[in-house]
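# Fold and contact review
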Amino acid sequence: MGEEISNKQVILSNYVKTSVKESDLSLRTSKIQLKIPSGCDGAVLVKNLYLSIDPFILVLMKNQELDLPSFTLDSPIYGFGVSKVLDSSHPNFKTGELVWGFTGWEEYNLIKDPDQLFKVQDKDLPLSYFIGILEVMRCTNLRLKINVFRVIILGMPGMTAYVGFFKFCSPKKGETVYVSAASGAVGQLVGQFAKIAGCYVVGSAGSKEKSAFALMKVDLLKIKFRYFPDGIDIYFDNVGGKMLEAVLNSMRLNGRVALCGMISQYNSLEQPEGVHNLINALVKQVHMEGFFTSDHYHLYPKFLEMVVPLIKEEKITYVEDIAEGIESAPGALFGLYSGRNVGKLLVVVRE
């Protein structure tokens, strides 16, 4: 038997019915052995270093009839994280290695299915980037896992921004680009990709302060689209709802809309807002398409080929909003849906 130590966990206390509350999550301290139990072959024991705060988590906090599993009451929730291997009975992982992938929201986690873990390859980059700008998840075994990852994939900022902007928006130099939730994990990268592509880009955030702090070289968009006197060629939509409806009024002929996220709707999945002016999409021949990044995993090498040099040459700024300690995780998640974060939101469990 290994040493037994305390293990702080973030527990789902209540299923979310409408809007998420901090009280829907609670902290619990349990005990864990720092050794994989006998008979638990193929498992990995990890110490979590970083936890990713992603919009998809709210969907799993609702006990709904969806094609994916909800979290279990009175149990730790889970998501993406970066971890250090403390013990392993799996041939692909060794003690001391750094990994990233699916993990529980707790200080230590016994992972019985390490097919969801991947080794950190490029140690020249910040570890937190592997659940942010460089994050991509591969999962091909169980249908259940595939369904889960088709939702989770929306939280992979770098690859999502790359696929959504370059594949679905097909930008051309000089075109006008509007990005909603531009200070978020995905939006901040789309704005910078648009500048690199030679486009005129404007982004909106929850407040003037957030947009200014995002270091994205974009302006805050007010109620009227006065920054687009000749209309919008490309809209990268992270918000949906009324924002999407407003943008359709200003789209140019043959414009493109990439439907990446609907954060304005996640608290109201039972009664989502409608878009009442789709006639604009017809008349202006707008191409509007939603996407799952998991369908375009084959583009990941091209994404890395483009983005890693830009990171190392400091030609891309990637903003992270970091909360300290696992105790801060419930408040950080609540802040995500109330628009408090600037950039990619994550919790540092242990440096």
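The rules we used
Residues numbered from 1 in each chain as written. Predicted model: local features only at pLDDT ≥ 70, side-chain atom pairs only at ≥ 80, totals over all residues. Heavy atoms only, no water. Helix = DSSP H or I, 4+ residues; strand = E, 2+ residues; numbered from the N terminus. Buried < 20%, exposed > 50% of the residue type's maximum accessible area, 1.4 Å probe, protein only. Contact = heavy atoms within 4.5 Å. Areas by Shrake-Rupley, 256 points an atom, 1.4 Å probe, with all protein chains shown as cover. Right-handed = clockwise from strand over helix to strand, strands pointing away. Pairing = 2+ DSSP bridges. Polar contact = N/O pair within 3.5 Å; in protein donor to acceptor, adjacent residues only side chain to side chain. Axes fitted to C-alpha atoms, helices over the stretch in contact; angles between N-to-C directions. Parallel < 35°, antiparallel > 145°, perpendicular 65-115°, else oblique. Nonpolar A, V, L, I, M, F, W, Y, C, P; charged D, E, K, R; others polar.

As annotated in an unreviewed UniProt entry, the protein is 2-alkenal reductase from Salvia splendens.

On to the overall build of the protein. Check the secondary structure of the protein and you find nine helices and 14 strands. With 351 residues in all, the protein has 55% of them scored as buried. Counted over contacts in the protein with a minimum sequence separation of 6, partners at least 24 positions apart contribute 70%. When the accessible area of the protein is evaluated, it comes to approximately 15900 Å², of which 53% is carbon and sulfur surface.

Side chains Thr-176 and Tyr-178 of strand 8 (residues 176–179) all project onto a buried face; the interleaved residues Val-177 and Val-179 project onto the opposite face, where all are buried too. Chirality of the crossover, the property in question, places the unit of strand 8, helix 4 (residues 187–196) and strand 9 (residues 200–203) among those that are right-handed. Here three bridges tie strand 8 to strand 10 (residues 232–237), and the two strands are oriented parallel to one another. The residue bridging Val-177 from the neighbouring strand is Ile-234, located in strand 10.

Attention now moves to the side chain of Ser-52. With respect to the helices and strands, Ser-52 occurs in strand 3 (residues 44–52). Looking at Ser-52, its side chain comes within polar contact range of the side chain of Lys-344, at 2.5 Å. Setting aside chain neighbours within four positions, we find Ser-52 in contact with Ile-57, Phe-80, Trp-105, Ile-131, Lys-344, Leu-345 and Leu-346.

This paragraph deals with the packing of helix 3 (residues 157–168) against helix 8 (residues 300–312). The interhelical angle for the contact between helix 3 and helix 8, taken along N-to-C directions, is 100 degrees, at an axis separation of 10 Å. Judged by the inter-axis angle, helix 3 sits roughly perpendicular to helix 8. Each of Gly-158, Met-159, Tyr-162 and Phe-166 in helix 3 lies in contact with helix 8, whose residues at this interface are Tyr-300, Lys-302, Phe-303 and Met-306. Each residue belonging to the contact of helix 3 with helix 8 can be placed in one class, and the counts come to six nonpolar, one polar and one charged.

Bringing unusual backbone geometry into the picture now. Positive phi outside glycine occurs at Ala-181, with the angle close to 50 degrees. When you line up the elements, Ala-181 lands in the loop between strand 8 and helix 4. Accessibility expressed as a relative area gives 28% for Ala-181, which makes it partly exposed. Phi is positive for Gln-285, close to 55 degrees, though the residue is something other than glycine. With respect to the helices, strands and loops of the structure, Gln-285 is situated in the loop between helix 7 (279–283) and strand 12 (287–290).

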